[in-house]
Amino acid sequence: MLGRILARKPRATPRANALPPGERIYAIGDIHGRADCLDVLMSKIDADDGARGSAETTLVFLGDLVDRGAASRTVIERAMALTEQRPCRFLMGNHEEVFIKAWEGDIASVRLFHRIGGRETLVSYGVDPDDYDKADFATLAELLGVHVPPEHIAFLRRFEDIYQSGDYVFVHAGIRPGIPIAEQDPTEMRWIRERFLGDSRNHGAMVVHGHSIAAKVEERPNRIGIDTGAYASGRLTAVGIEGSTHWFLET
């Protein structure tokens, strides 16, 4: 009996999630038109990145740049400028999906756009608030087409569904548990909520996501949620990742 106990091998310690050597990532949560928060957070990221020494640094925006906050147009312009300055990956959020379809004239999407903060977005593009409030949904579709530049929509259309590096997967909302990463449905990755949030199984990688607002960062064994409700709270959050370590920055 004692011999069998002594012969048992110690249980292996799970390997920490890690990025490939030399890589550093800053993933940024849902901005929702808060250009002021984005500016502050980018200053913090730049300072943090500089203090940590040389690395191949990539910014990963987790989606929902638009709606609800007052400066969606400015956020998109800032994002477009960033792509000219440094490596960036932009993920498609459910709000970008709706915005694009509404701009294309889909009335069901215009209705949803209105319900989820579209008024603030169109006002940021120069639509008079009174004109917005008097408009029916067909007129709102026309206002979208007139006021939102095609190049902004073209930029949003290039957003990715998912980004993966090392042991980390970055998506807007989450993934369907039990389905291989390569077989995930893009629509679910933009809209899923409880089925993902409430599942504790190992997804094969650490999932970093936004979409579901929490008062503080949600750090679980299988996911890291960083949507801290910037449009209402003023707290825009990023997670920095390098090697097997990660840390948080917040406005």
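Novice: Can you explain the overall build of the protein? Please cite residues and give values.
Specialist: On a plain count of helices and strands, the protein comes out with twelve helices and ten strands. Residue pairs at least 24 apart in sequence account for 65% of intrachain contacts in the protein once pairs closer than 6 positions are excluded. By element, 50% of the accessible surface of the protein is carried by carbon and sulfur atoms, the whole surface being about 12000 Å². Charge-centre separation for the protein: the mean point of 30 positive side chains lies 9 Å from the mean point of 37 negative side chains.

Novice: Can you explain the environment of Ile-45? Please cite residues and give values.
Specialist: Examined against the element boundaries, Ile-45 turns out to sit in helix H2 (residues 35–51). Along the sequence, Ile-45 and Glu-242 sit 197 residues apart, while their C-alpha atoms lie 13 Å from each other. In this view, Ile-45 contacts Tyr-26, Ile-28, Leu-59, Ala-238 and Leu-249; residues no more than four positions away in its chain are not counted.

Novice: Can you tell me about the sheet that holds strand E6 (residues 206–209), naming the residues and giving the values?
Specialist: Overall, mixed pairing links the five strands, which are arranged E4-E5-E6-E8-E7 in an open sheet. Bordering the open sheet on either side are strand E4 (163–165) and strand E7 (218–219), each of which pairs with just one other strand. Across two bridges, E7 lies against strand E8 (residues 223–225) in antiparallel orientation. From the neighbouring strand, Glu-218 faces E8, where its bridge partner is Gly-225.

Novice: Tell me about the sheet that holds strand E9 (residues 237–242), and name the residues and values.
Specialist: As summarised here, the arrangement of the five strands in space is E3-E2-E1-E9-E10, forming an open sheet in which the pairing is mixed. The sheet is open, and its two edges are formed by strand E3 (88–90) and strand E10 (245–250), each paired on a single side. Across the sheet, the mean angle separating the axes of adjacent strands is 20° when strand polarity is ignored. Inspection of the sheet shows strand E2 (residues 56–61) paired to E3 by three bridges, in the parallel sense. For Leu-59, the partnering residue across the bridge sits in E3 and is Cys-88. This element, helix H3 (residues 72–83), spans E2 and E3 of the sheet and lies at about 140° to E3.

Novice: Tell me what's going on with helix H4 (residues 94–103), and back it up with residues and numbers.
Specialist: Counted residue by residue, H4 has eight buried out of ten residues, so it is predominantly covered. Taken together, the buried residues of H4 touch H3, helix H5 (107–115), helix H6 (118–124), helix H8 (137–147), helix H9 (150–157) and helix H10 (186–191). Of the residues flanking the end of H4, it is Gly-105, one or two places downstream, whose phi is positive at about 100°.

Novice: How would you explain the state of the cysteines if you had to name every residue and give the values?
Specialist: All told, the structure shown has zero disulfides when counted by the stated rule. Of all cysteine sulfurs in the structure, the one in Cys-37 sits closest to Cys-88, which takes part in no disulfide; the separation is 18 Å. Note on Cys-88: relative accessible area 17%, which makes it buried.

Novice: Residue-level account of the packing of aromatic side chains, with values.
Specialist: Summed over the entire model, instances satisfying the criterion amount to nine aromatic pairs. On the numbers, 6.4 Å between centres and 50° between planes, the contact of Phe-99 with Tyr-125 is tilted. Taken together, the residues span a long stretch of sequence, with Phe-99 in helix H4 and Tyr-125 in the loop between H6 and helix H7 (129–134) at a distance of 26 residues. With respect to class, Phe-99 is no different from Tyr-125; both count as buried. Site record: aromatic cluster; members linked through ring pairs are Phe-61, Phe-90, Phe-155 and Phe-159. Just above the ring of Trp-247 sits the side chain of Arg-52; from NZ or CZ to the centre is 3.5 Å.

Novice: Describe in detail unusual backbone geometry, supporting the description with residues and values.
Specialist: In this structure, Arg-68 takes a positive phi of about 75° despite not being glycine. Structurally, the position occupied by Arg-68 is in the loop between E2 and H3. Despite not being glycine, His-211 shows a phi value in the positive range, around 75°. With respect to the helices and strands, the residue His-211 is situated in the loop between E6 and E7.

Thresholds, definitions, all that
Residues numbered from 1 in each chain as written. Predicted model: local features only at pLDDT ≥ 70, side-chain atom pairs only at ≥ 80, totals over all residues. Heavy atoms only, no water. Helix = DSSP H or I, 4+ residues; strand = E, 2+ residues; numbered from the N terminus. Contact = heavy atoms within 4.5 Å. Areas by Shrake-Rupley, 256 points an atom, 1.4 Å probe, with all protein chains shown as cover. Lys, Arg positive; Asp, Glu negative; His and termini not counted. Charge placed at Lys NZ, Arg CZ, Asp CG, Glu CD. Pairing = 2+ DSSP bridges. Axes fitted to C-alpha atoms, helices over the stretch in contact; angles between N-to-C directions. Buried < 20%, exposed > 50% of the residue type's maximum accessible area, 1.4 Å probe, protein only. Disulfide = S-S within 2.5 Å. Phe/Tyr/Trp six-rings, centres within 6.5 Å; stacked < 30°, edge-to-face > 60°. Lys NZ or Arg CZ within 6 Å of the ring centre and 35° of its normal.

The values reported here are purely geometric and, on their own, carry no functional implication.
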